[in-house]
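# Breakdown of the fold
Spelled out, the chains give:
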Amino acid sequence: MNEHLGRRTGRYNKSLQLLVVMISVLLLAACASTGDAKKNPIEERAQLRWDSLLAADFDTAYSLYSPGYRSANSRVDFEISQRTRKVAITAAKVISSDCSGDACTVSAVVQYRVGAAMPGVSKWESNSKLEERWVRTEGKWWFVPSE
């Protein structure tokens, strides 16, 4: 009986070892696929602006607009303009950037919702790819709205 128990324990240990190895391989694969690859700083900054707008963190979003925009538009006016838009952004993902010197064009896919878009339709949802302009001044990247 002890011999039979020993074989079972041995199989259990081998199964446990195999399970540990498989979990380790999966964890390593997950780390390799997500990686610590550094994103382009302009794309990170552009995504931060979108994330801040989506979270209604208007202080952070406003701080990413160009100094020229901020000198012409107060923080309060900025928030009012964001809160009173007829188009509600529901998601945004920066997908690429094309830079030349101190200017970049950043592309993003934005999902949005429009209320009462047309008679008989209470809301309309869609997504669109858009391009935004960013400039580098004094070593920092700033969003320049087209408005």
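Rules behind the numbers
Residues numbered from 1 in each chain as written. Predicted model: local features only at pLDDT ≥ 70, side-chain atom pairs only at ≥ 80, totals over all residues. Heavy atoms only, no water. Salt bridge = Lys/Arg side-chain N within 4 Å of Asp/Glu carboxyl O. Helix = DSSP H or I, 4+ residues; strand = E, 2+ residues; numbered from the N terminus. Phe/Tyr/Trp six-rings, centres within 6.5 Å; stacked < 30°, edge-to-face > 60°. Buried < 20%, exposed > 50% of the residue type's maximum accessible area, 1.4 Å probe, protein only. Lys NZ or Arg CZ within 6 Å of the ring centre and 35° of its normal. Disulfide = S-S within 2.5 Å. Expected span 1.5 Å × (residues − 1). Polar contact = N/O pair within 3.5 Å; in protein donor to acceptor, adjacent residues only side chain to side chain. Contact = heavy atoms within 4.5 Å.

## Describing the pattern of salt bridges
- In the structure shown here, the tally under the stated rule is 6 salt bridges.
- Two residues, arginine 75 and aspartate 59, come together in a salt bridge whose shortest N-O distance is 2.7 Å. Of this pair, arginine 75 sits in helix α5 (residues 75–83) while aspartate 59 sits in helix α3 (residues 58–63); the two residues are 16 residues apart in sequence, bridging distant segments of the chain.
- In this structure, glutamate 79 engages arginine 83 in a salt bridge whose closest nitrogen and oxygen atoms are separated by 2.6 Å. In this pair, glutamate 79 and arginine 83 both sit in helix α5, 4 residues apart, roughly one turn of the helix.
- Among the charged side chains, a network of salt bridges with common partners joins Asp59, Arg75, Glu79 and Arg83.

## Quick notes on the packing of aromatic side chains
- Throughout the structure, instances matching the rule amount to 7 aromatic pairs.
- For the ring pair tyrosine 69 and phenylalanine 78, a centre distance of 6.3 Å and an interplane angle of 85 degrees mean the geometry is edge-to-face.
- On the accessibility criterion, phenylalanine 78 (0% relative accessible area) is buried.
- Ring pairs connect the aromatic residues Phe58, Tyr62, Tyr65, Tyr69, Phe78, Trp134 and Phe143, which therefore count as one cluster.
- Lying across the ring of tryptophan 142, arginine 45 places its NZ or CZ 5.1 Å from the centre.
- Between arginine 49 and the ring centre of phenylalanine 143, over which it is positioned, the NZ or CZ distance is 3.7 Å.

## Quick word on the state of the cysteines
- For the coordinates displayed, the defined rule picks out 1 disulfide.
- Residue pairing for cysteine 99: its cysteine sulfur links by disulfide to cysteine 104, the two sulfurs lying 1.7 Å apart. One quick way to see it: the torsion about the S-S bond of cysteine 99 and cysteine 104 is about 105 degrees, and its sign makes the bridge right-handed.
- Among the residues examined, cysteine 104 registers a relative accessible area of 1% and is labelled buried.

## Section: helix α2 (residues 41–54)
- End to end, α2 covers 20 Å across 14 residues, agreeing with the expected 20 Å (1.5 Å per residue, within 8%).
- With a side-chain oxygen positioned 2.9 Å from the backbone nitrogen of isoleucine 42, the residue opening α2 is asparagine 40.
- Positive phi appears at alanine 56, one or two residues downstream of α2, with a value of about 60 degrees.

## Concerning the side chain of glutamate 43
- Mapping glutamate 43 onto the fold places it in helix α2.
- Judged by relative accessible area, glutamate 43 falls into the buried class, the value being 18%.
- At a separation of 2.8 Å, a polar atom in the side chain of glutamate 43 contacts the side chain of serine 97.
- Discounting chain neighbours no more than four positions away, the residues touching glutamate 43 are Val94, Ser96 and Ser97.

## Considering the side chain of arginine 49
- Position of arginine 49 relative to the elements: it lies in helix α2.
- Overall, arginine 49 belongs to the buried group, its relative accessible area being 3%.
- If sequence neighbours within four positions are ignored, arginine 49 has contacts with Ala61, Leu64, Tyr65, Glu132, Trp134 and Phe143.

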